[in-house]
Amino acid sequence: MTNLSIYLLGPPRINVDGTPIDVDTRKAIALLVYLSVTKQPYSRDGLASLLWPEYDQTHARATLRRTLSTLNKALAGDWLEVSREMIRLRSGPDLYIDVDHFRSLISECRVHGHAPSDVCSACIRPLAEAADLYKADFLMGFGLKDSWDFDEWQQLQTEGLRRDLATALEHLVYGHAALREFDAAISHARRWLALDRLHEPAHRWLMQLSAWAGQRTAALQHYRECVQVLEQELGVAPLESTTQLYGAIKEQHLPPLPILNESRQESNRWATPPHPPDAALDKQRDDPQISLPPAVHRNVPLVGRLSEWQQLLRVRDEAGPHGQVIIIQGEAGIGKTRLAEEFLDFADAEGSTVMIARCYEGESDLAYGPVVSALRAALDQTGSGTWQATVPPAWLPEVARLVPEVAMGRSDLISAPPLDSPGAQGRFFEGIRQALLAAGGEKWGNDTGRVMLLIDDLHWADQASIDLLSYLVRRLQDWPVCLILTWRSDHTSGDDHLHQLLSEAQRSPHATVLSPPRLNKAEVSEMVRSVSDPGAALSPGLAERLYQETEGLPFFVVEYLNALEHGLQAAGPGEWALPLGARDLLRSRLRRVSETGRQLLHAAAVIGRSFDFDTLHQASGRSEEEAVVALEELIALGIVTEMRGGDSAQTLTYDFNHEKLRGLAYEETSLARRRLLHRRIAEALAGHSRGHNEAGPLAGQIAHHYRLAGNEEAAAEHYRLAGEHARRLYANTEALAHLQTALAFGYPDVAGLHEAIGDVHTLLGEYGDALASYERAASSLTHEDASKKTLSRLEHKLSNVYVRRGEWGPAESHFEAALLGCGEAEAANNCARIYADWCLAAHNQGHTERARELAQCALQLAEVAGEPRALAQTHNILGIIASRSGDHESARHHLEQTLALTETLDEPSIRAAALNNLALVYGADGKGDAAVQIGEEALALVASQGDRHREAAVHNNLADLLHAVGRSEEAMLHLKQSVAIYAEIGVEAGALQPAIWRLVEW
């Protein structure tokens, strides 16, 4: 029996013997999911009502029957047990369902001899495995637009699984904390909190864990984030227990660490702390996130930063008695911090004194926060006594404003005057500068006297700190300190103080501003190789796919590599889920958008990666002025980029800075609003196309938005228009997709669509599919008065497909049928074309006299009709017959007649055929150079039409012509291209059709 694996945590994936199955309907997936999770037999009526509630019982059962057939075929086994009334999914050792595995891992902890609310050492492994298995929510991104009962069942499953995950994460937090494994505990706590941002116990655990890990600033920041989210979402203050914990951490009175209870140590377990009953706020949010430890990121080599590194080394080499400032700016995730830390590691190894201070989101009201962190970093390295001896006594009172412990035991120091007194602020700034200058003194064991001070994420700093840094930057001339500042470039334009600091730095001769770019494809490939095992064979296309997903953003590359390494993401061709760390980074950017800006952001995300203002304005429902202001906000935040587009410099378009930003904004738009926006966008685009009297270029976009808006009738019409537009451009693969989609959405002219699909299949060399499409078109004709003429046209097309395949018997049969259906109004014209094609088929069979008779009939009818297309086609066939008879002069005459007639006709296929045939005539006459020139013109025409079979034939003919004139290398290139195309077309049931390779002229 086959192995069946069903993965439901995340987008649904079903593998049979390790290979993903392919079904053409979401209902088949939904049916399998429902049976696999519930593990119950169900009646046919019950399943039909669940999945097709809008159908009557007869139609619902019929649709269920077809879906079961499709699913059974895809599963390639007897997994479905189907009777006349009941349906169920078989179970067995060959069946794997990740949801079952997740629940079994959770249940494993219940047999360890303790209460469900407790956790023991044996619980850690299964709980960690369960948390790793939960890659994303149940059936993330999957839904049925017309089955509310299934959607409600899916939502209940999702909520239950999220609750199980929350319990597992809570136990993991406590267990790792008891083991003093704070990094692991913090990671699990962050993911636990991400499940419900309003859950105060998770906030309190993060505060405690950060404090125990020595990250006091981070602990206080967690409290501020808790206050902020509760105020924004509920308008309430934190619980008293949360506030008391905050006060204790501020006063450095940390709660005791978890310890093993002696009475419980015998059973090797720890008790999980009880939940405060008033803290359980039942508000789930679908934004799981987890931050990777910095060590994971630092294990990836620094790639693509050679230019920036050389500039940093030049700064080091040019160091003199003056100070320097290095500014590293760029978008979130570009690697600013990583580059700065690598440089500091290098400087530290050379003997420089290194100090690091970081700014945190939400601390912009904490005056001089990063400066205090920097001074305390210096104090930690030396001790207060050493610093007191190093910093000039006159400046110690100023430093003591921020770090009071430096003045401890110094009764001789004069109190500093209030900062609002005249000249006090300047003296205060100078005192801080002197303290940092003293950090490089010899008493600190640093002979170089150099201090490297990094202030990271300065865009989150308070204004007072930025003002102090501006003061320091203006006094670099005699101050041997290297300031390294990093910030997000999208904050500069909206922050006057940050912009002023940048201006101050750029005016200094001792400033270096670095703006690292995104990685290119080669650099992403290098990063993939660098983290792979030596000699390991990389999956084909992995680096290319990674570049497409990340667009070269280094943080995203690392996140995806981490997900791939830990099995959180399969490196297959399916859809890749956004890693949790990357999702967290993007959400931090979107949180800054105002309410109006968010409405515009959602509208832009629904439009697509690129959009124009008019469409955005109409879709958003906002006034023009509001839309302009909100768009400017999105540009200032670096979410959207303004671009010049089109042929005119006045044309403005807008583009999301990263596709994942757009995807996340789209994902966070409610389903109801998405439908509304898709409808508005479709109507706006349709209005634009009416203004230009041409829907073709926009038809595909309009169809896409109508489909997602639920208007299938309008979607079908525009998919048909998109297909016709693509056909006119000879974009055959795209045309085929649009036409088939129009058919699937119920476009009423079924026969016309099947005929158009057959035409495209013919050009692509997919002759079996072409014949099937033409036959379906013929069987779909309903109006007898019009069907006779249409049927004749279809019979003619069928005959030409058989001619291409070299099947002369069926071709002649369809030629005869086509003649019988010629309409009286255009009998001569239609019959002339049929006779012209028929005579070539007869000639190819060696029926020379029959071919001449048919050719004469074609010529007479064409002359009677006086229709240029029929005449051109007939002269072309007569040229072929004359050429094969050795009458090259007559052949040239007929073929030149064809070319003259096509000068005024939009018939590139006939012109290409005449050029190809004329090139062969010139080649036979020994005029090789002229033959090659004409053949190349023919090749350009057939290639532009996408006619694969005839393109292969012209390549083959050109190879012979080039070889005849001594251009062997070019001849070989054309021959290789010919063989490559021939190998791709006309393959049916795995076998080549030999007659297809014999095409020379037509």
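How each quantity is defined
- Residues numbered from 1 in each chain as written.
- Predicted model: local features only at pLDDT ≥ 70, side-chain atom pairs only at ≥ 80, totals over all residues.
- Heavy atoms only, no water.
- Helix = DSSP H or I, 4+ residues; strand = E, 2+ residues; numbered from the N terminus.
- Buried < 20%, exposed > 50% of the residue type's maximum accessible area, 1.4 Å probe, protein only.
- Contact = heavy atoms within 4.5 Å.
- Pairing = 2+ DSSP bridges.
- Phe/Tyr/Trp six-rings, centres within 6.5 Å; stacked < 30°, edge-to-face > 60°.
- Lys NZ or Arg CZ within 6 Å of the ring centre and 35° of its normal.
- Core = buried A, V, L, I, M, F, W, Y, C linked by side-chain atoms within 4.5 Å.
- Polar contact = N/O pair within 3.5 Å; in protein donor to acceptor, adjacent residues only side chain to side chain.
- Patch = residues over 30% accessible without salt bridge, like charges linked within 9 Å, V, L, I, M, F, W, Y side chains within 5 Å.
- Areas by Shrake-Rupley, 256 points an atom, 1.4 Å probe, with all protein chains shown as cover.
- Salt bridge = Lys/Arg side-chain N within 4 Å of Asp/Glu carboxyl O.
- Axes fitted to C-alpha atoms, helices over the stretch in contact; angles between N-to-C directions.
- Parallel < 35°, antiparallel > 145°, perpendicular 65-115°, else oblique.
- Left-handed = near helix turned anticlockwise from the far one by under 90°.
- pLDDT = per-residue confidence, 0-100.
- Expected span 1.5 Å × (residues − 1).
- Arc of directions from axis to C-beta.

Draft legend 1. Looking closely at the overall build of the protein chain. The number of helices and strands found in the protein chain is 45 helices and 17 strands. With 1002 residues in all, the protein chain has 51% of them scored as buried. Taking all contacts inside the protein chain whose residues are at least 6 apart in sequence as the whole, residues at least 24 apart take part in 66%.

Draft legend 2. Structural context of the pairing of strand β14 (residues 511-514). Of the two faces of β14, the one holding Thr-512 and Leu-514 is buried and the one holding Ala-511 and Val-513 is not buried anywhere. Direction of pairing for strand β10 (residues 324-330) relative to β14: parallel, over a ladder of four bridges. Note on β14: the bridge partner recorded for Val-325 is Ala-511.

Draft legend 3. Quick peek at the packing of aromatic side chains. Summed over all chains, the structure comprises 24 aromatic pairs. When the centroid spacing of 5.8 Å and the interplanar angle of 55° are considered together, the rings of Tyr-7 and Tyr-96 count as tilted. Here Tyr-7 is found in strand β1 (residues 4-7), whereas its partner Tyr-96 is found in strand β7 (residues 95-97), with 89 residues between them in sequence. Since its relative accessible area comes to 28%, Tyr-96 is described here as partly exposed. With centroids separated by 6.4 Å and ring planes inclined at 5°, the aromatic side chains of Tyr-835 and Trp-838 adopt a geometry described as stacked. Highlighted residues: Tyr-835 and Trp-838, both in helix α38 (residues 827-844), separated by three residues, approximately one helical turn. Assessed through its relative accessible area of 3%, Trp-838 is described here as buried. Among the aromatic side chains, those forming a connected cluster through ring pairs are Tyr-34, Tyr-42, Phe-138, Phe-142, Phe-150 and Trp-153. Here the guanidinium or amino end of Arg-13 rests over the ring plane of Tyr-7, the centre of that ring lying 4.4 Å away.

Draft legend 4. Here's a closer look at the nonpolar core. In this structure, Leu-75, Phe-150 and Leu-209 are the most contacted members of the largest nonpolar core, which totals 76 residues. With eleven residues, the single largest contributor to this core is helix α6 (residues 148-178). Aside from chain neighbours lying at most four places away, what touches Leu-209 is Val-173, Ala-177, Phe-182, Ala-185, Ile-186 and Ala-189. One finds Leu-553, Leu-637, Val-640 and Ala-682 within the second-largest nonpolar core, a separate group that totals 73 residues.

Draft legend 5. Local environment of the side chain of Glu-1001. With respect to the helices and strands, the residue Glu-1001 is situated in the segment after α45 (968-982). Relative accessible area serves as the criterion here: at 12%, Glu-1001 is assigned to the buried category. Within polar-contact distance, the side chain of Glu-1001 engages the side chain of Arg-884 at 2.4 Å. The contact partners of Glu-1001, leaving out residues within four places of it in the chain, are Ile-880, Arg-884, Asn-916, Asn-917 and Leu-920.

Draft legend 6. Inspection of a nonpolar patch on the surface at higher detail. Taken together, Met-972, Leu-975, Val-979 and Trp-997 make up a surface patch of nonpolar side chains, about 330 Å² in accessible area. Topologically, Met-972 is positioned in helix α45. Its relative accessible area of 42% is what places Met-972 among the partly exposed residues.

Draft legend 7. Broad picture of the sheet that holds β14. Ordered by their spatial adjacency, five strands build an open sheet running β11-β12-β13-β10-β14, and the pairing between neighbours is parallel. At either margin of the open sheet sits one strand with a lone partner, and together these are β11 (353-358) and β14. Pairs of neighbouring strands in the sheet enclose a mean axial angle of 15°, with direction left out of account.

Draft legend 8. Region of the structure containing the sheet that holds strand β3 (residues 19-20). Here four strands make up an open sheet; going across it, the order is β3-β2-β1-β7 and the pairing mixed. Unpaired on one side and paired on the other, β3 and β7 mark the two borders of the sheet. Strand direction decides the pairing type here: β1 and strand β2 (residues 13-16), joined by four bridges, are antiparallel. Directly across from Tyr-7, in β2, lies its bridge partner Arg-13. Of the strands in this sheet, β1 and β7 are in contact with helix α4 (residues 98-108), which crosses β7 at around 70°.

Draft legend 9. Looking closely at the pattern of salt bridges. As enumerated under the stated definition, the model contains 50 salt bridges in all. For Arg-609, the salt bridge goes to Glu-551, with nearest N and O atoms at 2.7 Å. Of this pair, Arg-609 sits in the loop between α26 (595-607) and β15 (610-611) while Glu-551 sits in the loop between α23 (542-550) and α24 (554-565), and the two are 58 residues apart along the sequence. For Asp-759, the salt bridge identified is with Lys-797, shortest N-O distance 3.0 Å.

Draft legend 10. Here's a closer look at the packing of helix α42 (residues 908-924) against helix α44 (residues 948-964). Look at α42 against α44: their axes get within 11 Å of each other, and the N-to-C directions meet at 20°. Between α42 and α44, the angle is such that the two are roughly parallel. Relative to α44, the crossing made by α42 is left-handed. The residues of α44 that touch α42, namely those facing Asn-916, Ala-919, Leu-920 and Gly-923, are Val-954, Asn-957 and Leu-961.

Draft legend 11. View of the confidence of the model for the protein chain. Scored by pLDDT, the protein chain comes out at a mean of 83, with 87% of its residues at no less than 70. In this model residues 260-298 is a low-confidence stretch, pLDDT under 50, and it forms 92 contacts with partners more than four residues away in sequence or in other chains. Confidence drops under a pLDDT of 50 for residues 442-449, and excluding neighbours within four residues, the segment shows 19 contacts in the predicted structure.

Draft legend 12. Representation of unusual backbone geometry in the model. Despite not being glycine, Asp-17 shows a phi value in the positive range, around 55°. Relative to the helices and strands, Asp-17 resides in the loop between β2 and β3. In this structure, Leu-139 is a non-glycine residue whose phi angle is positive, near 55°. Structurally, Leu-139 is set in the loop between α5 (124-133) and α6. The class of Leu-139 is buried, set by a relative accessible area of 0%.

Draft legend 13. Representation of α45 within the structure. Here α45 is 15 residues long and its end C-alpha atoms lie 21 Å apart, about the 21 Å a rise of 1.5 Å per residue gives. By the burial criterion, the buried members of α45 are Ala-971, His-974, Ser-978, Ile-981 and Tyr-982. Axial view of α45: buried residues confined to an arc of 95°, hence all on one face. Facing away from the buried side of α45 by over 90 degrees, the exposed positions are Glu-969, Leu-973 and Lys-976. Looking at the buried positions of α45, the neighbouring elements they touch are α43 (928-945) and α44.

Draft legend 14. Focus on helix α27 (residues 613-620). Those residues of α27 lying buried are Phe-613, Thr-615, Leu-616, Ala-619 and Ser-620. For α27, the angular spread of the buried residues around the axis is 165°, confining them to a single face. The opening residue of α27, the one whose side-chain oxygen lies 3.1 Å from the backbone nitrogen of Asp-614, is Asp-612. Trailing α27 by a residue or two, Gly-621 shows a phi angle of about 80°, which is positive.

Draft legend 15. Representation of the side chain of Ser-883 in the model. Tracing the sequence through the fold places Ser-883 in helix α40 (residues 868-884). The exposure class of Ser-883 is buried, given its relative accessible area of 16%. Excluding residues that lie within four positions of it along the chain, Ser-883 makes contacts with His-888, Ala-891 and Val-921.

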